[in-house]
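Analysis of the macromolecular model
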Amino acid sequence: MRKKKETESFLTLDSFGSAKNYWAAWVASRLGNYPFANSLSRSFSRNGSFIGNISIPFSGDELHFPVYSTCFNDEFSVFLTVVSNKTNLSPQTSSKLDNPLFGGLLFEDEYHIFNNEGLAKVESSFSGADYILLLSADNCFDQDEYVKEICASDCFRIILSGTPESVSASQKKRKAFLDFLQFLFYETESMTAEFRYKKLRTALHQRMSVSEKNYEKLKYPVEDTRTITSPYLRREDF
């Protein structure tokens with residue numbers, strides 16, 4: 001008897017959106033991952049960085065989707081994250097499929113995060129999205145200015161956009177769509193924070209604290225593990 005396929009489940013948290021404002025867009029572009037991220041950096045006149053890959057298990061393998069991040073406003077934690085919505089399967093992975101397209105010999109099979117046909121992680125009402133744009137900001141900050149700036153860019157064609165709740169409400173499998181979108185926001189925020197922390201440590205030669213021996217006439221001892229929090233350390237021009 002064939003075993004029932006195990007399905008992943010993601011927990012939708014009630015607190016999602018309570019500390020952050022979120023906005024997402026699914027866009028189409030003929031450019032590859034790096035050229036697309038570079039075109040956004042030029043369009044927005046802001047530096048962007050490759051921060052890693054989001055891994056999704058499929059047919060016993062790990063599929064990798066590149067992620068890029070751009071800071072729009074450091075004070076209010078306004079970040080735009082770009083996630084590739086598709087990747088090509090290797091011939092080895094394609095050969096494991098029940099009905100591979102010509103055995104994966106003539107064409108490369110594609111796997112999408114969001115799509116309404118073919119191999120996809122999450123079923124959606126649309127197809128043709130090459131990238132997912134994720135914008136997040138502190139909930140005390142109105143990010144509409146940056147949403148308009150993104151929408152005015154000529155680097156891509158927007159297929160669908162809006163808040164996670166409004167976009168998910170238009171989908172057939174609303175909960176599954178929102179669950180994975182929430183996962184993408186949390187995962188990319190964690191990746192961005194880790195990338196920026198490592199970048200800062202490198203700039204400070206791996207020293208994030210000032211030793212007590214550098215102070216004179218201290219009334220109270222200073223812990224060597226205390227982290228420097230000055231905002232000047234995070235200035236790109238400093």
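Residues numbered from 1 in each chain as written. Predicted model: local features only at pLDDT ≥ 70, side-chain atom pairs only at ≥ 80, totals over all residues. Heavy atoms only, no water.

1. Quick notes on the pairing of strand E2 (residues 48-58)
With ten bridges joining them, E2 and strand E3 (residues 61-73) adopt antiparallel strand pairing. Paired with Ile54 across the two strands is Phe65, which belongs to E3. Turn length for the E2-E3 hairpin, with the two strands adjacent in sequence and antiparallel, is two residues, and the turn residue Ser59 shows positive phi of about 50°. (Pairing = 2+ DSSP bridges. Helix = DSSP H or I, 4+ residues; strand = E, 2+ residues; numbered from the N terminus.)

2. Looking at the sheet that holds strand E6 (residues 110-115)
In spatial order, the strands read E5-E6-E7; together these three strands make up an open sheet with mixed pairing. Each of the sheet's edge strands pairs with one partner strand only, and the pair in question is strand E5 (86-88) and strand E7 (119-123). With direction set aside, neighbouring strand axes in the sheet form an average angle of 10°. Alignment of E5 against E6, held across three bridges, turns out to be antiparallel. Directly across from Thr87, in E6, lies its bridge partner Tyr111. (Axes fitted to C-alpha atoms, helices over the stretch in contact; angles between N-to-C directions.)

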